[in-house]
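A look at the structure
Each chain is listed here by its residues.
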Amino acid sequence: MINRKIRQCLGSIILCASLFYPEGSRAQEVADSTRSYTIGEVVVTGTRDATDVRHLSQTVSVVNRRKIEQAMQPSLLPVLTENVPGLFTTARGIMGYGVSGGAAGGISLRGLSGGTARMMVLIDGHPQYAGIFGHPIADAYQSLLADKVEVLRGPASVLYGSNAMGGVVNVVTRKMHEDGVRTNLHAGYGSYNTLETELTNMVRKGRFSSIVSGSYNRTDGHRDDMGFEQYGGYAKVGYDVTDNWNMYADVNVTHFNASYPGQVSAPLVDAYQRITRGVSSFAVTNHYQRTSGAASFFYNWGNHWINDGYTPSAGETAQDGRFKSRDNMMGVSLYQSAQFFKGNRITFGFDWFRYGGKAWTDYVAGEREGTRNDLVDKHEDEIAGYVDFRQDIGKWLTLNAGIRVDNHSRIGTEWIPQAGLAFHLPSAIELKASASEGFRYPILREMYMFPPQNPDLKPESMWNYEIALSQTLLNGRLNYGVNVFYIDGKNLIMTLPNPNGSGMLNQNSGKIDNAGVELMAAYRINAYWSVDANYSFLHMKNPVIAAPKHKLYAGGSFTKGRWSVSSGIQYIDGLYTSVGDNPVTENFVLWNLRGQFSATQWLDLWLRGENLMAQKYEINVGYPMPGATVMGGINIHF
């Protein structure tokens, strides 16, 4: 049932439409001669079926392969921070994010954080969060994977279920678009003995395609005991069985060894971790003129070995135990999208997920040496069905609506609706309005691991209300967009004093009351020069860590002949690194510069400089970020 707030929102939308179209058919006749109907960006994240982004009522940002390569970053997260308004990712050093205490790589969007499982990361539509802890593993999302990244800014629970409460980051993997064989070697070296390498081979011949990619990255880090080393590999094979049917299988494995030194005021000793994460999937897809769909199976796994270290300055001695865990997540997703009549598209989908794992402490010293303490050994199931409906009404309006019925093996059933309108106005203007619900089931750690666990937790939920305006001008050379949103959330899981006993307890007591504005603009000045910028303002009634009040990025690029140069400035203000009775905020300005020179047809030379003004700042409290850093290297392609 659509609640009162949705009815009010849709009533306002219809009122706005009547103001724009007091004489509906006559306005359409006039506008037909003034509007150019260019094809917009095609995305797959706002709906399972590939769709012109103009017809979606929610906002999807797309970071394409050109932007990813231009950034010259081994990790996707810094690229997203620069290019997506409202999105921010944490960092603690020149390379590597790690897990456990002091870890970085948290993704926040509009004040909702992936570190608390409120943001979902997908690879080709498959969820990637850890089975026990529920959050994304930042070091697994490398640039070598991505053909593009689509970010849905706002709840996506109708299509993707729990953990898509605040939004979705979908990594669309690479592929060859034409017949041939292409191989590329990327290698670089720079500050703090940092090395990054990637070797990729792509093949397409007739109906067969493949990609194989491997990487090795390492750094000593800008502080003692902050070394990081990572091995990664990705492989994908695809085959077009017919003109309408395709199948593919892929696997992605990353392993990293990370040390973390603790806060500068309380250095840690012997704090390090060895983490292996893997992702595999198999899918069969079909594409016809009036229907398309897919059936896919995926399996994710992880092995984690962590020594949390100790703080000698606090009188601590070496840890007696080592935390270990093995988790996994598997699932089956089915969907079929069909056009039953003109301007219509209905998608029916089914998801089944099973996730969990086991965690324990192995004691290697002290009185309990040689023993083991089991912490959790649990799996949960989630099964869901959904319907997503899209209908064009004339040439000027698209109606979107959807609902998901989602059942959790322990918690019960949730009904998740969303609705919105997209107006296609004269002069290439798009006006969108939407109301969508997001939710999140409590994760295994919150329910079963470590005091203050609570197995009786209920799901978190929120409503996102949004109006967006965008326009394309000068034959596509200039575009801009404005988004205004309000988030109303309840039942957030917080750790509070136990009302029925001593100690602390996880409880559904928190609220979200966030509002904000997001702006973006891009202008291709001529064949050589282009500029772009984005800005976001976020007001939080209840501030959270790693969600800046103001975030601005402005950049430009120049490409001519053998030269390619890009530069950008990022401004962050009102970034909470600590909240509570004594909140701490940071503000800083970062300048980067990147350049590439094509020495021959097969050899490029590149150079990247970050934080060139040597700003002193922190993102994770107690972890000062490095000053100016420089990397340089080669690209060999044949």
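Parameters at a glance
Residues numbered from 1 in each chain as written. Predicted model: local features only at pLDDT ≥ 70, side-chain atom pairs only at ≥ 80, totals over all residues. Heavy atoms only, no water. Helix = DSSP H or I, 4+ residues; strand = E, 2+ residues; numbered from the N terminus. Rg over C-alpha atoms; globule rule 2.2 N^0.38 Å. Buried < 20%, exposed > 50% of the residue type's maximum accessible area, 1.4 Å probe, protein only. Contact = heavy atoms within 4.5 Å. Areas by Shrake-Rupley, 256 points an atom, 1.4 Å probe, with all protein chains shown as cover. Lys, Arg positive; Asp, Glu negative; His and termini not counted. Charge placed at Lys NZ, Arg CZ, Asp CG, Glu CD. Pairing = 2+ DSSP bridges. 1 Å grid on protein atoms, 1.4 Å probe; cavity = no way out; pocket = protein on both sides within 12 Å on 5 of 7 lines; lining within 4 Å. Points joined across faces, edges and corners; volume = space filled by probe spheres on them. Salt bridge = Lys/Arg side-chain N within 4 Å of Asp/Glu carboxyl O. Polar contact = N/O pair within 3.5 Å; in protein donor to acceptor, adjacent residues only side chain to side chain. Phe/Tyr/Trp six-rings, centres within 6.5 Å; stacked < 30°, edge-to-face > 60°. pLDDT = per-residue confidence, 0-100. Patch = residues over 30% accessible without salt bridge, like charges linked within 9 Å, V, L, I, M, F, W, Y side chains within 5 Å.

1. Re the overall build of the protein
- Secondary structure assignment for the protein yields 6 helices and 32 strands.
- For 638 residues, the compact-globule formula gives about 26 Å, and the C-alpha radius of gyration of the protein, at 25 Å, lands near that figure.
- Judged by the C-alpha coordinates and their principal axes, the protein covers about 85 × 70 × 50 Å.
- Looking at the protein as a whole, 53% of its 638 residues are labelled buried.
- Counted over contacts in the protein with a minimum sequence separation of 6, partners at least 24 positions apart contribute 61%.
- As displayed, the protein offers around 27300 Å² of accessible surface, 58% of which is attributable to carbon and sulfur atoms.
- Across the protein, the 57 positively charged side chains and the 57 negatively charged ones have centroids separated by 5 Å.

2. Side note on the pairing of strand S20 (residues 372–393)
- Sheet analysis places strand S19 (residues 344–363) next to S20, joined by 19 bridges and oriented antiparallel. Bridge pairing in S20 places Arg354 opposite Asp381.
- With 12 bridges joining them, S20 and strand S21 (residues 397–408) adopt antiparallel strand pairing. What sits directly across from Arg390, in S21, is Asn400.

3. Topic: empty space enclosed by the protein
- All told, the structure shown has 7 cavities of 30 Å³ or more when counted by the stated rule.
- Looking at the largest cavity, it is lined by 42 residues, and the ones nearest its centre are Gln73, Pro78, Ala91, Gly93 and Ile94.
- Considering each element in turn, the lining of the largest cavity owes the most residues, 4 residues, to strand S30 (residues 584–598).

4. Overview of the pattern of salt bridges
- In this structure the tally under the stated criterion is 28 salt bridges.
- Glu466 is the salt-bridge partner of Arg110, the closest N and O atoms lying 3.0 Å from each other. Placement of Arg110 in the loop between strand S5 (107–109) and strand S6 (112–113) and of Glu466 in strand S24 (residues 460–473) is noted, with a sequence separation of 356 residues between them.
- A relative accessible area of 2% places Arg110 in the buried class.
- Overall, the relative accessible area of 4% leaves Glu466 in the buried class.
- Residue Lys236 pairs with Asp124 through a salt bridge whose shortest N-O separation is 3.7 Å.

5. Side note on the sheet that holds strand S4 (residues 87–89)
- Within the open sheet, the 3 strands sit side by side as S4-S5-S6. Their pairing is antiparallel. Since the sheet does not close on itself, it has two edges, and those belong to S4 and S6, each with one partner.
- As paired strands, S5 and S6 are joined by 2 bridges and run antiparallel to one another. What sits directly across from Leu109, in S6, is Leu112.

6. Concerning the environment of Ser292
- Tracing the chain through its elements places Ser292 in strand S17 (residues 291–310).
- Given the relative accessible area of 3%, Ser292 is considered buried.
- C-alpha separation for the pair Ser292 and Gly321, spaced 29 residues apart in sequence, amounts to 52 Å.
- Among residues more than four places away in sequence, those in contact with Ser292 are Asp49, Asn286, His287, Tyr335, Gln336, Ser337 and Arg345.
- Looking at Ser292, its side chain comes within polar contact range of the side chain of Arg345, at 3.5 Å.

7. A short note on the packing of aromatic side chains
- Here the structure, examined in full by the defined rule, presents 15 aromatic pairs.
- For the pair Phe133 and Phe323, a centre-to-centre distance of 6.2 Å together with 65° between the ring planes defines the contact as edge-to-face. Highlighted residues: Phe133 in the loop between strand S8 (126–127) and strand S9 (146–153) and Phe323 in strand S18 (residues 321–338), separated in sequence by 190 residues.
- Since its relative accessible area comes to 12%, Phe323 is described here as buried.
- Pairing Tyr299 with Trp301 gives two aromatic rings, centres 6.0 Å apart and planes at 20°, and the pair type is stacked.

8. What to know about the sheet that holds strand S3 (residues 59–64)
- The sheet built from 5 strands is open, its strands ordered S3-S9-S10-S7-S8 with mixed pairing. The sheet is open, and its two borders are formed by S3 and S8, each paired with just one other strand.
- Of the pairings in the sheet, the one linking strand S7 (residues 120–123) to strand S10 (residues 167–173) comprises 4 bridges and is parallel in character. Paired with Ile123 across the bridge in S10 is Val171.

9. Overview of the side chain of Gln570
- Looking at the secondary structure, you find Gln570 in strand S29 (residues 563–578).
- Leaving out residues up to four positions away in the same chain, Gln570 has contacts with Thr81, Glu82, Leu552, Tyr553, Phe588, Val589 and Leu590.

10. Topic: the confidence of the model for the protein
- Looking at the protein as a whole, its pLDDT mean stands at 90, while 94% of the residues score no less than 70.
- Below pLDDT 50 for its whole length, residues 1–39 participates in 43 contacts with residues either more than four positions away or in separate chains.

11. Examining the side chain of Ser143
- Position of Ser143 among the secondary structure elements: in the loop between S8 and S9.
- The contact partners of Ser143, leaving out residues within four places of it in the chain, are Arg65, Ile68, Gln73, Pro74, Ser75 and Leu76.

12. Notes on a nonpolar patch on the surface
- Taken together, Phe208, Val237, Tyr239, Val241, Trp245, Met247, Phe282 and Tyr288 make up a surface patch of nonpolar side chains, about 700 Å² in accessible area.
- Among the elements of the structure, strand S14 (228–240) and strand S15 (245–259) are those that each provide at least two residues to the nonpolar patch.
- Mapped onto the elements, Phe282 comes out in strand S16 (residues 269–287).

13. Here's the deal with unusual backbone geometry
- Along the chain, Pro451 connects to Pro452 via a cis peptide bond; the corresponding omega equals 15°.
- As for its position among the elements, Pro452 is in the loop between helix H6 (444–448) and S24.
- In this structure, Ala546 is a non-glycine residue whose phi angle is positive, near 70°.
- Relative to the assigned elements, Ala546 resides in the loop between strand S27 (529–540) and strand S28 (550–560).

14. Things to note about the environment of Thr371
- Checked against the element boundaries, Thr371 lands in the loop between S19 and S20.
- Look at Thr371 and you get partly exposed, because its relative accessible area is 36%.
- The sequence separation of Thr371 and Glu229 amounts to 142 residues, and the corresponding C-alpha distance is 30 Å.
- Every residue in contact with Thr371, bar those within four places of it in the chain, is listed here: Thr361, Asp362 and Tyr363.
- At 2.5 Å, the side chain of Thr371 forms a polar contact with the backbone oxygen of Arg368.

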